[in-house]
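# Chain and residue survey
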Amino acid sequence: MTAVETAPEPSATPPPKEEQPRAVARDKRHTGWKLLAIAVVWVVGWSLLKGQNTLYVPFQQLNGFDTWINGLRDDIQAAAQTNWFFHGVIGNISDFFNWLVTQIQQLVSIPSPPRPVPEIGWLGVVALLGWVGLAAAGVRWAGLVMVTVLLFGLCGFWQDGVDTLIITVIAVVTCIVIGIPLGIAMARRKWLSPAITPVLDIMQTMPSFAYLAPLALIFGIGASSAVVLTIIYALPPLVRITEHGIRTVPDTTIEAAGSMGLTKGQLLRKVQLPMARRTIVVGINQCTMAALSMAVISAFVAGPGLGQDVMNALQNLDVGTAAVSGGLIVMIAIMLDRTTTAASERRERVQGRVASVSGMSVMLTNVVLERLPRWASEDARVSRRRPSALMRRISLGLVAIPVIVCVYLSRQYLNLAQFPESWDFGSDIAQKINDFVNWFVNQVDTVTTAFKNLVTYGLLNPLQDLMAQSPWWLMAFVLLSVGFVLGGIRALVAVAVCEAIILGTGLWNDSMITLTMTLVATILVMIIALVLGVAMGRNRIADVTIRPFLDTFQTIPSFVYLVPALALFGVGRFTAIVAAVAYGVPIATKLVADGIRGVSSTTVEAAHASGITGWQMIRKVQIPMARESLVLATNQGLLYVLSVVVIGGLVGGGSLGYLVVSGFSQDQLFGKGLAAGIAITALGVMLDRVARYSAARYGRG
């Protein structure tokens, strides 16, 4: 009754004034009408000039740029042993990473001559990694670490599983050594951030496939290329998040510390780093996930690990083996994600317990300490501050004893050094998965085929025909116009530069096909993200139910999504689109949900008071007010989708992704594969800039 009596009149509670001009400004732009006019011109031009000046190039045909790259490759290979840069600088970096990977492999995964087995056998490796998990995160997560590592052997992929961990750990440690100091420097020096940010943008926007050809050319094939490839992909998120963490330390705290006479170094060590520690740990977590996502991609440059098994299985259409090896990669991702997060939370809980001593306890303890000699008082204070830390160290020391015993036994007994083949049930699981997939596909073939045909003939084929069969100059005009309407002059310039790069590669037609697949997948991503995100933003139960699934799917490396897509839809471009949709949905859904949830409660209450329905609330209030988040979700969905659509070249996706893959397998197509990587990068930057400038424009209102 009270709520009814005090409810305001509908006309008495208008939307907040600061939100009204934004809606009016959007109306004045007439964006929808402008886009409609562009579409009409496009369709009319396509209908009149279809198939003319499309810049189609046969697969085996090389242009001048491709031939020049092939010649450059030959020159670099010829000068590799004499040129000071390639031999002295790049060669030493490559030799160092190759040596480091080999040394660790001989320690835990491959024979260490003259021994026929590694220095530490499987039992010792499991015990050591379990102890590390215990020290970092606690008993429960130590168990997860040990179970995951044991699964390597039980599934028949012991060496490859351990090698994947080796490459990931080396890359992440290198990223930490480079990324955290760089992020700190960017946060503390205003001139450095604008200089480094564009480089990070390109590194983060560029699909991982685009790195392959230049890295193979410069670093050669092997472990060093795999490590460098992983570092390039995993470094940007750590640098960005570290910079953000340092910048978000409150100014009042920094001023208070400065008034106490702290130097810049003391301010960093004692104030900024401790307060930004949680954010930096998130950066390390994201860096680790990004590094692991490269496990399969690195197989293209002969990187050791599970990626080789997934790639070979996909090429042989062996869904069972791909599922088992891909599942192990997922287990590693979950293990690293949960362990790093738990390690951070555990440290915070320990600090919280130390800080939560009651005032009475402190007073009584200080009375006792005052009666002790000075040296005893200091020792007692240290003991009082960290009573649990000492016990924890003692416990870890006691647990280390059986760990050392396991390491010793694994060096003395062959069956404890080599994982027993009789324990391998991975082949049986793979066969059962293949049998189940065959049965399941037969059962749902009608449904999957109908869905595939609906999207292919209803959306994919018409859009591809429109984009790839339009004259190149008409398509270029359409992209420039859309960029200008959505993002303004900055987006127009970005689109123009990227179009010039794509034209320079001679792969305009293939780029339009790849762009078509990306747009179709993004449309599907946003449809799913809107449905799930609105439900999560409006309903707490829906959020609690759906979010754990999104978190799990977000830890899965992108390549793994190809496995179920291949099983359900077979070889073809639609398989690449389905995998891309599955990879892009989690991040887009979370952003949509956060946007819906972030709509002003005052606005929502006023809309309720006016008597609108739930559907009207979604359509007329929450979605328009969350438009900035929707644009950001589209931006991130586009980039995630593009990275998988390109990988889809392995499963019949065609266009630029297939050219990149062919550049490795066919020597004469190396230049064309590298050109395809450049075109992919230009596409990614173009889509990112249009979406980003659009979001900024809507944010200003």
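Whatever comes next refers back to the structure up there.
Note that the structure is predicted; figures quoted are calculated from it, not measured. (Residues numbered from 1 in each chain as written. Predicted model: local features only at pLDDT ≥ 70, side-chain atom pairs only at ≥ 80, totals over all residues. Heavy atoms only, no water.)

Check the secondary structure of the protein and you find 31 helices and 0 strands. The buried share of the protein, reckoned over its 701 residues, is 47%. Nonlocal contacts in the protein, meaning residues at least 24 apart in sequence, comprise 81% of its contacts between residues at least 6 apart. Surface summary for the protein: the accessible area is close to 33600 Å², and the carbon and sulfur share equals 65%. (Helix = DSSP H or I, 4+ residues; strand = E, 2+ residues; numbered from the N terminus. Buried < 20%, exposed > 50% of the residue type's maximum accessible area, 1.4 Å probe, protein only. Contact = heavy atoms within 4.5 Å. Areas by Shrake-Rupley, 256 points an atom, 1.4 Å probe, with all protein chains shown as cover.)

With that settled, consider unusual backbone geometry. Peptide bonds are mostly trans, and most non-glycine residues show a negative phi. In this structure, the amide linkage connecting Pro-113 to the following residue, Pro-114, adopts the cis form with an omega of 5°. The backbone of Leu-55 sits at a positive phi, close to 60°, despite the residue not being glycine. Its place among the elements puts Leu-55 in the loop between helix H3 (31-49) and helix H4 (64-79). With a phi close to 65°, Ala-302 is a non-glycine residue in the positive phi region. Within the secondary structure, Ala-302 sits in the loop between helix H14 (277-293) and helix H15 (306-315).

The next subject is the packing of aromatic side chains. Enumeration over the complete set of coordinates arrives at 16 aromatic pairs. Ring plane angle 20° and centroid distance 5.7 Å describe the contact between Trp-158 and Phe-419, whose orientation is recorded as stacked. With a gap of 261 residues between them, Trp-158 in helix H8 (residues 158-188) and Phe-419 in the loop between helix H20 (414-417) and helix H21 (426-468) connect regions that are remote in the sequence. Like Trp-158, the residue Phe-419 is buried in the burial classification. Members of the aromatic cluster, connected to one another through ring pairs, are Trp-122, Trp-158, Phe-419 and Trp-423. (Phe/Tyr/Trp six-rings, centres within 6.5 Å; stacked < 30°, edge-to-face > 60°.)

Attention now moves to the state of the cysteines. Within this structure, the stated rule accounts for 0 disulfides. Free of any disulfide, Cys-175 has its nearest neighbouring cysteine sulfur in Cys-287, separated by 3.9 Å. On the accessibility criterion, Cys-175 (0% relative accessible area) is buried. (Disulfide = S-S within 2.5 Å.)

Our next topic: helix H26 (residues 573-597). Given a rise of 1.5 Å per residue, 25 residues ought to cover 36 Å, and the 36 Å separating the end C-alpha atoms of H26 matches this to within 8%. Largest kink in H26: about 35°, centred on Val-585, with the proline Pro-586 one to four residues after it. (Expected span 1.5 Å × (residues − 1). Bend = angle between axes of the 7 residues up to and from the residue.)

Our focus in this paragraph is helix H30 (residues 655-665). Burial analysis of H30 places 8 of its 11 residues in the buried class, which makes it a mostly covered element. Considered for burial, the residues of H30 that qualify are Ser-655, Leu-656, Gly-657, Leu-659, Val-660, Val-661, Ser-662 and Gly-663.

For the rest of this paragraph, the subject is the pattern of salt bridges. Overall, the coordinates contain 13 salt bridges when judged by the stated rule. Among the ionic pairs, Asp-688 bridges to Arg-692, the shortest N-O distance being 3.4 Å. Note that Asp-688 and Arg-692 are positioned in helix H31 (residues 670-700) at a spacing of 4 residues, about one turn of the helix. Judged by its relative accessible area of 34%, Arg-692 is partly exposed. Look at the salt bridges and you will find they share partners, linking Arg-540, Asp-543, Arg-547, Asp-594 and Arg-597 into a network. (Salt bridge = Lys/Arg side-chain N within 4 Å of Asp/Glu carboxyl O.)

One way to put it is that helix H12 (residues 251-259) packs onto helix H13 (residues 264-275) with a least axis distance of 11 Å and a crossing angle of 160°. Our classification of the angle between H12 and H13 gives roughly antiparallel. For the crossing formed where H12 meets H13, the hand is right-handed. Contacts between H12 and H13 involve Thr-253, Ile-254 and Ala-257 from the first element and Leu-267, Val-271, Gln-272 and Met-275 from the second. (Axes fitted to C-alpha atoms, helices over the stretch in contact; angles between N-to-C directions. Parallel < 35°, antiparallel > 145°, perpendicular 65-115°, else oblique. Left-handed = near helix turned anticlockwise from the far one by under 90°.)

Soluble globular proteins tend to pack their nonpolar side chains together in the buried interior. Of all hydrophobic cores here, the largest spans 175 residues; its most connected members are Trp-158, Phe-209 and Phe-559. Among the elements that take part in this core, H8 stands out by supplying 14 residues, more than any other. Aside from chain neighbours lying at most four places away, what touches Phe-559 is Val-296, Ile-297, Phe-300, Val-310, Leu-314, Ile-647 and Leu-650. (Core = buried A, V, L, I, M, F, W, Y, C linked by side-chain atoms within 4.5 Å.)

To continue, consider the packing of helix H6 (residues 122-137) against helix H7 (residues 139-154). Two elements in contact, H6 and H7, have axes whose closest approach is 7 Å; the angle formed by their N-to-C orientations is 155°. The pairing of H6 with H7 is recorded here as roughly antiparallel in orientation. In the crossing of H6 with H7, the sense of the turn from one axis to the other is right-handed. Between H6 and H7, the residues in contact are Trp-122, Val-125, Val-126, Leu-129, Gly-130, Gly-133, Leu-134 and Ala-137 and Val-139, Trp-141, Ala-142, Val-145, Met-146, Val-149 and Leu-150, respectively.

Examined against the element boundaries, Leu-107 turns out to sit in helix H5 (residues 84-108). Remark: the alpha-carbon pair of Leu-107 and Glu-119, spanning 12 residues in sequence, is separated by 4.7 Å. Each residue touching Leu-107, except ones within four places of it in the same chain, is listed here: Pro-118, Glu-119 and Ile-120.

Right, let's get into the environment of Ile-577. Mapped onto the secondary structure, Ile-577 falls in helix H26. What makes Ile-577 buried here is its relative accessible area of 0%. Spatially, the C-alpha atom of Ile-577 lies 9.9 Å from that of Leu-460, the residues being 117 residues apart in sequence. Among residues more than four places away in sequence, those in contact with Ile-577 are Leu-460, Met-517, Val-520, Ala-521 and Leu-524.

Moving on, we get to the side chain of Thr-54. Within the secondary structure, Thr-54 is located in the loop between H3 and H4. Once residues lying within four places of it in the same chain are set aside, the contact partners of Thr-54 are Ala-468, Gln-469, Ser-470, Trp-508 and Asn-509.

It is worth spelling out the side chain of Thr-339 at this point. Mapping Thr-339 onto the fold places it in helix H16 (residues 319-355). Given the relative accessible area of 13%, Thr-339 is considered buried. Among the polar contacts listed, one links the side chain of Thr-339 to the backbone oxygen of Met-335, at a separation of 2.6 Å. Among all residues touching Thr-339, those that are not within four sequence positions of it are Ala-137, Trp-141 and Val-145. (Polar contact = N/O pair within 3.5 Å; in protein donor to acceptor, adjacent residues only side chain to side chain.)

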